[in-house]
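Listed below are the residues making up each chain.
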Amino acid sequence: MEDSIFTKIIKREIPAEIIYEDDDTLAFLDIAPVSPGHTLVIPKKQVENIFDTDDATLAAVMRTVRKIAPAVRDAVGADALNIHSNHGAEAGQIVFHMHLHLIPRFKGDNFFMWPHKDYKEGEASEIAEKIRAKLA
Ligand code: 5GP
């Protein structure tokens, strides 16, 4: 498998502002931040996205997210954080090495997420049933 751009950061082959590292994960500043302090947390194991990530790898990533979240928020004086992740090209994933975005948010920053819709009559229960069937 060819090294992803993030694996190259892990190997220090390309530079990044690394803020945390342990045996299984790395956290570094996004090169094109939504807001100052925008951080990416990645597993060192090169998995593509949620669909090929094992439980232990995901747990390690979430432990690192939990550990660094207050430091990221407080270092930039943010009020809150969005923890966001894209899984698949159609969801906006550009780098195919699983990662979570920690995006500092500020009161009044006026950054809106995607719009919400309404379900048609019966549509929600139909979809929920299809998902339950996939899980069975
Ligand atoms: P995605 O859309 O895949 O969820 O987000 C990929 C993120 O990686 C983007 O926010 C982008 O700015 C960031 N990124 C892409 N290449 C690099 C890089 O070489 N270094 C760093 N630090 N961030 C990168």
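Residues numbered from 1 in each chain as written. Predicted model: local features only at pLDDT ≥ 70, side-chain atom pairs only at ≥ 80, totals over all residues. Heavy atoms only, no water.

1. A closer look at the pattern of salt bridges
A side chain with one charge may pair with a side chain of the opposite charge, provided their charged atoms come close. This structure, assessed with the given rule, holds eight salt bridges. Lys45 is the partner of Asp54 in a salt bridge, and the nearest nitrogen-oxygen pair spans 2.7 Å. The class for Asp54 is partly exposed, based on a relative accessible area of 28%. Each of Arg12, Glu21 and Lys44 takes part in a single network of salt bridges with overlapping partners. (Salt bridge = Lys/Arg side-chain N within 4 Å of Asp/Glu carboxyl O. Buried < 20%, exposed > 50% of the residue type's maximum accessible area, 1.4 Å probe, protein only.)

2. Details of unusual backbone geometry
One can expect most non-glycine residues to show negative phi and most peptide bonds to be in trans. Phi at Arg12 is positive, roughly 65 degrees, even though this residue is not glycine. Tracing the backbone shows Arg12 in the loop between helix 1 (5–10) and strand 1 (18–21). Unusually for a residue other than glycine, Asn110 sits at a positive phi of about 55 degrees. In this fold, Asn110 is placed in the loop between strand 5 (100–105) and helix 3 (123–135). (Helix = DSSP H or I, 4+ residues; strand = E, 2+ residues; numbered from the N terminus.)

3. As for the site of the ligand
Around the ligand, 17 residues are found, and the nearest of them are Asp30, Gly92, Ile94, His99 and His101. Here an oxygen atom of the ligand sits 2.5 Å away from a polar atom, N or O, in the side chain of Asp30. Between an oxygen atom of the ligand and a main-chain N or O atom of Val95, the distance comes to 2.9 Å. Contributing elements (two or more residues each) for the shell around the ligand: helix 1 and strand 2 (25–29). Ranked by residue count, the leading element in the shell around the ligand is helix 1, at three residues. Its residues assigned to classes, the shell around the ligand shows eleven nonpolar, five polar and one charged. (Near = heavy atom within 4 Å. Polar contact = N/O pair within 3.5 Å; in protein donor to acceptor, adjacent residues only side chain to side chain. Nonpolar A, V, L, I, M, F, W, Y, C, P; charged D, E, K, R; others polar.)

4. Section: the pairing of strand 2
Along strand 2, four of the five residues are buried, which leaves the element largely enclosed by surrounding structure. Across three bridges, the pairing between strand 1 and strand 2 is antiparallel. Of the residues in strand 2, the one forming a bridge with Ile18 is Phe28. Judged from the five bridges that link them, strand 2 and strand 3 (residues 39–43) form a sheet pairing that is antiparallel. Within the sheet, the bridge partner assigned to Phe28 lies in strand 3 and is Leu40. (Pairing = 2+ DSSP bridges.)

5. Focus: the side chain of Thr39
Relative to the assigned elements, Thr39 resides in strand 3. Side-chain polar atoms of Thr39 contact the backbone oxygen of Gly37, separated by 2.6 Å. When neighbours within four sequence positions are excluded, Thr39 is seen to be in contact with Ile19, Ala27, Phe28, Leu29, Asp30, Ile68, Val72, Leu100, His101 and Leu102. (Contact = heavy atoms within 4.5 Å.)

6. Considering the nonpolar core
Generally speaking, a soluble globular protein has its nonpolar side chains buried in company with each other. Residues Ala27, Val41, Val47, Val61, Val65, Ile68, Ala69, Val72, Met98, Leu100 and Leu102 constitute the largest nonpolar core, which totals eleven residues. Elements with a minimum of two residues in this core: helix 2 (55–75) and strand 5. Top element by residues in this core is helix 2. It accounts for five residues. Apart from the residues lying within four places of it in its own chain, the contact partners of Met98 are Val41, Ile42, Pro43, Val47, Glu48, Asn49, Ile50, Thr53, Leu58, Val61 and His87. (Core = buried A, V, L, I, M, F, W, Y, C linked by side-chain atoms within 4.5 Å.)

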